Structures are given as C-alpha cells and as structure tokens.
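# Structural characterization, general
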Amino acid sequence: MSVELLTLLFFGSLLVFLLLGTPLAFVLGGVSVVFLYFEMGEIGFYLLASKMWETMQNPTLMAIPLFVFMAILLEKSGVANDLYDMMHQWWGGLRGGLAIGTVLICVIFAAMSGISGAAVVTMGTIALPKMLERGYDKKLALGAINAGGGWGILIPPSILMVLYALLTEVSVGRLFAAGVGPGLTLFILVSLYIGTRCWLQPDLGPALPLEERASWGQKFRSLRAVILPILIVTIVLGAIFGGFATATEAAAIGVFGALFATGVNRQLSWKVIHEASISTLKLTALIIWILFAAHAFSTAYTALGAQSLISDLMEFIPGGRWGALAFMLVVLFFFGMVLDPVGIMLITLPVFLPVVQAAGFDPIWFGILFIIMMEVGYMTPPFGFNLFYLKGVAPPDVTMGDIYTSVIPYVIVTLIGVLLIILFPGIALYLPNLFYN
C-alpha cells in the first residue's frame with residue numbers, strides 16, 4: 001500500500017475517533033498501535049515499549065508534577081489579590097492603566113505558574129469586575145485578560161515547553177531562556193496597543209479621578225506585594241539560567257517558594273495541600289498518558305514512511321523553506337481553533353520537525369513560534385480554552401459573543417509579534433546563546 005494511502009487512512013481514523021468523542025490519548029495510542037502492528041508486525045510492540053521505557057527514565061518528567069503543584073498553590077495563595085491592589089494604585093491614574101496593569105500581572109503570574117488558565121481565571125475574577133466598574137470598554141478589558149493569560153505557556157517556566165522539549169529532545173533550559181524575550185515583546189506590543197487606543201479614545205479606558213488615586217506613600221508600600229512573586233521567579237529561573245540547577249531541581253525550589261508564599265499570606269492548610277495534591281495527580285496522569293500516546297503516534301507515522309512523504313510535499317510549496325514555515329504556522333493557526341494545544345503538538349510535531357531540521361531552522365527558535373501559535377489557539381474561537389475560562393468567571397452581562405469579538409485585535413497584535421520574531425530571531429535566541437553558549 002502506498003504511503004499516501006496509508007497516511008490518508010491513518011489521519012482519517014484519528015479524525016473519526018476524535019469526532020466520536022474518544023479521549024485523545026486513547027485515539028493517538030490505539031490507532032498508532034494498530035497501524036504499527038500491520039506495518040511492522042510484533043516487533044513494533046517491542047519498539048514502542050522500548051521508547052516508552054526510555055521516556056520514563058527521563059528525569060525532566062519530574063518537572064511536570066512539580067510545576068503543576070507550584071501553579072495550583074500560587075493560585076490559592078492570595079498573591080494575585082495583593083498584586084492587583086499594587087497595580088491599581090500605580091497604574092490607575094493612566095488612561096487604560098488598569099488594563100495595562102492587568103496585563104503586567106499576567107506576565108508575573110505566567111513567570112510563576114507555567115500554565116495558561118491560572119491567570120485568566122484569577123484576573124477574570126479580580127480585575128474584570130473592577131475595570132467594568134470604572135467604565136472600561138468591555139471588549140478591551142476582556143481581550144487584555146485573554147491575551148495576557150495565554151502567556152503562561154510562553155514565559156518560563158512553562159509546562160508546554162517541557163513537553164515540547166521531551167518530544168523534540170531539545171534543552172529545556174535553552175527553551176525557557178528563549179521564551180523570555182518574546183514574552184516581554186508581546187507584553188510591550190499589547191501595552192502599546194491598549195495605551196494608544198485609550199489615548200485616542202479616552203472613553204475606552206478612563207483614568208481614575210484625582211481623589212481616588214493613591215499617594216506616593218501608599219504606592220511604595222504596595223510594592224511589598226511583588227517581593228514574594230519576584231523572589232520565586234528569580235530563584236527558579238536564576239537557578240536554571242545560571243546553571244545551578246536543572247529544570248526539575250528548580251521546579252522543586254519553586255514548590256518550596258509557593259508553599260512559603262501561601263504560608264505568608266495565611267492560606268496554607270492541610271486542606272489546601274490536599275486539594276492541590278489531588279489536582280496535580282489528575283493533571284499529571286493526563287499529561288503522562290498523552291505523552292506516551294505521542295511516542296506511539298511518532299513511531300507509527302515514521303514507520304509508515306512519513307519522512308519521504310513530507311519531503312515530497314514540501315517540494316510543492318512555493319517559497320522554499322520560508323514558504324514551508326508559513327505553511328506550518330497557518331496549519332497551527334487553524335488547528336488552534338478546534339484542538340487543544342497538547343493535541344496539536346502531538347499530531348503536528350512528528351510531521352513538522354523533520355521539515356524544520358531539513359530547512360536548517362533552529363528547533364529552539366521554531367519551538368518559540370510553535371508555543372506562541374498555541375497561545376493564539378488558547379484565545380481564538382470557537383474552542384479556545386481561555387474563552388471558556390473567561391466566560392466561567394465573567395459577570396452575567398458578558399456574552400460569549402463579547403468574548404469572541406474581543407480577541408480579534410489582540411490576535412492581530414500577537415501575530416505581529418510572531419512576524420517580529422521571524423524577522424529578528426535574536427529576540428528569542430539572544431538569552432539562550434548568552435547563557436548556554
């Protein structure tokens with residue numbers, strides 16, 4: 001049977017079972033094992049078991065439950081409330097200042113947690129009602145939270161980056177370092193967009209009245225709220241970038257910092273630890289099973305002759321390697337509208353990675369572009385996760401239509417950021433080259 005027909009049957013089977021509602025891990029693993037058996041026979045099972053055993057021995061896997069546990073603890077610690085109070089006092093006097101400050105908190109939260117939903121839910125609960133109460137445009141406020149919340153998978157530490165590193169066998173530390181520049185770039189672009197729009201249209205984000213603005217004494221006292229978050233971020237990322245600890249060891253340090261922050265804010269209890277532990281167990285088990293299914297998928301598709309098929313297809317895409325890159329980013333954009341980021345990663349990376357290597361692109365640089373497109377997937381309709389997180393915590397008068405339309409300008413701004421990283425790779429590669437040269 002030709003590789004083209006096998007590919008059609010392979011992906012057709014995946015699509016059918018996904019549409020039937022079968023869990024992603026079972027679809028990828030089950031279909032892959034069946035095709036692997038018919039292509040290679042019983043030896044395919046031994047090959048797959050060997051690959052999974054090799055993956056289980058990778059110490060980087062330990063970073064996943066540790067980062068998840070750290071994120072859940074920080075979400076329950078009350079740090080976000082203190083950060084918002086600080087931001088309200090410092091930024092409230094500017095047009096659009098509350099929205100820009102909210103985006104800044106999303107940056108800090110992303111650097112502490114490593115997941116996307118935490119910042120969206122927290123800021124949707126705390127900041128959104130305050131902005132709407134102050135007369136902010138509904139769509140401007142919703143879009144700011146949606147865009148900033150997605151940076152949890154881009155600004156290190158990031159659980160999705162750990163998965164990307166495991167699947168592509170690149171350095172987690174280099175990937176973490178590469179996420180800093182693009183994360184700050186997107187923050188600057190989004191802040192410029194909010195500030196410019198509110199300057200031209202003051203009614204979209206009015207400044208606080210003079211009598212409600214904080215004094216300089218209150219502002220400086222409020223800075224105590226950022227001490228713990230910055231300390232946690234500095235210790236975790238400093239340990240990794242400075243070469244003092246691996247990602248796994250730094251994650252353990254981060255858990256200690258999260259426990260300390262929760263205790264300082266008087267939220268630490270056995271109930272909180274128990275709830276965080278159970279949530280970590282469930283999420284980690286889900287991630288690990290999906291990771292095993294990814295290896296089954298990669299092994300099966302390679303055995304079917306994927307590399308030769310992809311090489312032949314790339315010859316028909318105009319524009320050479322840049323045309324191939326554009327094609328891959330477009331595929332990721334549309335996949336992001338209907339699939340979850342982990343699923344997209346598992347389906348596309350075995351196909352895209354040989355193309356990236358053949359084209360001579362840096363896999364770290366491509367990984368950042370990939371993660372940003374996953375971030376876009378979190379915020380684009382119809383099935384972006386952040387859209388539904390936000391709807392779950394938004395006031396009753398916020399409709400799903402409001403949330404859908406609010407993300408359009410922010411998606412455009414994010415795609416401009418992607419273009420800048422393509423034109424100036426140093427935005428992503430400067431820190432990895434500096435720390436790991």
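All figures in this text were calculated on a predicted structure; none of them were measured in a lab. Within each chain, residues carry numbers counting from 1 in the order of the written sequence. For a predicted model such as this one, the threshold for reporting local features is a pLDDT of at least 70, and the threshold for listing and counting side-chain atom pairs is 80 or more; totals across whole chains, interfaces and linings nevertheless cover every residue. As a rule here, side-chain values cover all heavy atoms of the structure and leave hydrogens and water aside.

Take the overall build of the chain next. The numbering of helices and of strands both runs from the N terminus, where a helix is a DSSP run of H or I of at least 4 residues and a strand a run of E of at least 2. Across its full length, the chain holds 22 helices and zero strands. Here the chain holds 437 residues, and 53% of them are scored as buried. Two residues qualify as a contact provided that any one of their heavy atoms is within 4.5 Å of a heavy atom in the partner residue. Within the chain, contacts between residues separated by at least 24 positions form 79% of all contacts whose residues are at least 6 apart in sequence. Values of accessible area rely on a 1.4 Å probe in the Shrake-Rupley scheme; residue burial ignores everything except the protein chains shown. For the chain, the accessible area works out to roughly 19100 Å², and carbon and sulfur atoms hold 69% of it. Three exposure classes are used, based on accessible area relative to the maximum for each residue type with a 1.4 Å probe and protein chains only: buried under 20%, partly exposed in between, and exposed over 50%.

This part covers the confidence of the model for the chain. Scored between 0 and 100, pLDDT is the confidence that the predictor attaches to each residue. Model confidence for the chain is summarised by a mean pLDDT of 80, while 90% of its residues fall at 70 or above. Helix H15 (residues 306–314) is the least confidently modelled element of the chain, averaging 63 in pLDDT, while helix H21 (residues 408–423) averages 94, the highest of any element.

Non-glycine residue Glu-169 carries a positive phi angle of around 60°. You can call Glu-169 exposed: its relative accessible area is 62%.

Another point: the packing of aromatic side chains. Between rings of Phe, Tyr and Trp, where Trp is taken as its six-membered ring, a pair exists when centres lie within 6.5 Å; planes separated by under 30 degrees are stacked, by over 60 edge-to-face, and by other angles tilted. Going through the model one piece at a time under the given rule, you end up with nine aromatic pairs. Centre to centre, the rings of Tyr-164 and Phe-370 are 6.0 Å apart; their planes meet at 45°, and the pair counts as tilted. Remark: Phe-370 occurs in helix H18 (residues 363–379) and Tyr-164 occurs in helix H9 (residues 159–168); sequence separation between them is 206 residues. Here Tyr-164 and Phe-370 have matching classes, each one buried. An aromatic cluster is built from Tyr-164, Phe-366 and Phe-370, whose rings are joined through pairwise contacts. The lysine or arginine in question, Arg-95, covers the ring of Trp-199, its NZ or CZ lying 4.6 Å from the ring centre. Geometrically, a lysine NZ or arginine CZ counts as sitting over a ring once it is within 6 Å of the ring centre and also within 35 degrees of the ring normal.

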